[in-house]
Amino acid sequence: MSKKPFIPIPPPAPLPDPEIVTAEELFNLYRNGDIDLICVMGPTASGKTRYAVNLARRLNELCSEEKAAGAEGAALNGTEIISGDSRQVYIGMDIGTGKDLKEYGEIPYHMIDIVPAGEKYNICQYQRDFAAVYEDCLKRNVIPVLCGGSGLYIESVTCRKYELGDNASMNLTLPRNVYYISTLVDRDTRRARIDKRLNERLDEGMLIEVKKLLASGISPEDLIYYGLEYKYLTMYALGQISVEDMHEKLRFAIHQFAKRQMTWLRGMERDGIRIHWVSATSQDPDKSFSRQGNTIGSCP
């Protein structure tokens, strides 16, 4: 029997070069009507939530400075964050979905804890609920920042090509000129962060959270449906896998999930969406938000 020829695994695609983004420029773009939504994306463990919160705080400072200066026209009334995460909508699924609500501090947030765990919330519902929150932000003259890692959910509300079910006839208020930002970390750093965060969440009581959800009457099948942490911890709680298998399978699944997120983001670029890649290693808002170029990202 002849041996199959050896085909080497190609090296991973190079990461994008990071840009620098300033809150001042984003503020002016929004103030002038050039953009109507700031969207902060990124793979898991890339620091997108903290980045979005720091950006919101700096934008709030600029809103206050504008009011104090008595600028002409309707003053902007601060910044609020809208979650773009498909699992953080569920009440009681906190540690496993990485809500990290303490990160938000004084920054208002939306689309978190809006439906009971056990339900199967879908993309059509998300599109309608987002549109209602987004329209409310516009009416109150608030700068909306969409932040999350669920690519399909994000595209469903930022790309006009999505007409979902009955939503197509509802004349939903959705953004038209989106400024896309994605936080960026190198693969080794991301993998190390994922491993560290998994261990921390297990120590924080992620297994206890899963057992409480099961005890509340949510079926194992429904928890497994949510995937990742809830899938493998439920299997472990039911005695279907060992603790070692749970940890290793979950660790591998999260790494693969982060890889798929990066693939999705690069796919958005191939579809013509301009993404501004930023390094989230520095979380100091005075250092994190400056930028080169002046291209606004919009869906084709």
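What counts and what doesn't
Within each chain, residue numbers correspond to sequence positions counted from 1 in written order. Per-residue local features are limited, in this predicted model, to residues with pLDDT of at least 70; the limit for side-chain atom pairs, both in listing and counting, is 80 or more; totals at the level of whole chains, interfaces and linings are taken over all residues. Just so you know, side-chain values use all the structure's heavy atoms and leave hydrogens and water out. Classification of ring pairs uses Phe, Tyr and Trp, with its six-membered ring standing for Trp, and accepts pairs whose centres are within 6.5 Å; under 30 degrees between planes counts as stacked, over 60 as edge-to-face, and the remaining range as tilted. Helix numbers and strand numbers start at the N terminus; a helix is a DSSP run of H or I with at least 4 residues, a strand a run of E with at least 2. The buried label applies to any residue whose accessible area, calculated with a 1.4 Å probe on protein chains only, is under 20% of its type's maximum; exposed applies above 50%, and partly exposed to all values in between. Method remark: on a 1 Å grid restricted to protein atoms, a set of points is classed as a cavity if a 1.4 Å probe fits but cannot get out and as a pocket if it is open with protein on both sides within 12 Å along at least five of seven lines; lining residues have an atom within 4 Å of a point. Grid points are joined across faces, edges and corners, and a volume is the space filled by probe spheres set on the points. In this classification, the charged set is Asp, Glu, Lys and Arg, the nonpolar set is Ala, Val, Leu, Ile, Met, Phe, Trp, Tyr, Cys and Pro, and all remaining amino acids, among them Gly, are polar.

### Concerning the packing of aromatic side chains
Then, in step 1: The final tally for this structure, using the stated rule, is six aromatic pairs.
Then, in step 2: Both rings, one in tyrosine 90 and one in tyrosine 226, keep their centres 4.6 Å apart while their planes meet at 50°; by these two values the pair is tilted. Here tyrosine 90, found in strand S3 (residues 90-91), pairs with tyrosine 226, found in the loop between helix H7 (220-225) and helix H8 (228-237); they are 136 residues apart in sequence, far enough to count as distant. Per residue, the accessibility class of tyrosine 90 equals that of tyrosine 226, and both read buried.
Then, in step 3: Look at phenylalanine 130 and tyrosine 134: their rings are 5.7 Å apart centre to centre, the planes differ by 10°, and that puts the pair in the stacked class. You can see phenylalanine 130 and its partner tyrosine 134 sitting in helix H3 (residues 123-139), four residues apart, about one turn around the helix. Like tyrosine 134, phenylalanine 130 is buried.
Then, in step 4: Aromatic rings pair up to connect Tyr126, Phe130, Tyr134 and Tyr153 into one cluster.

### Overview of empty space enclosed by the protein
Then, in step 1: Under the definition given, this model contains one cavity of 30 Å³ or more.
Then, in step 2: As a volume, the largest cavity reaches approximately 30 Å³.
Then, in step 3: Taken together, Ile194, Arg197, Leu198, Arg201, Glu229 and Ile254 form the lining of the largest cavity.
Then, in step 4: With four residues, the top contributor of residues to the lining of the largest cavity is helix H5 (residues 187-204).
Then, in step 5: When the residues that make up the lining of the largest cavity are grouped by side-chain class, the tally is three nonpolar, no polar and three charged.

The values are spatial; any link to function lies outside them.
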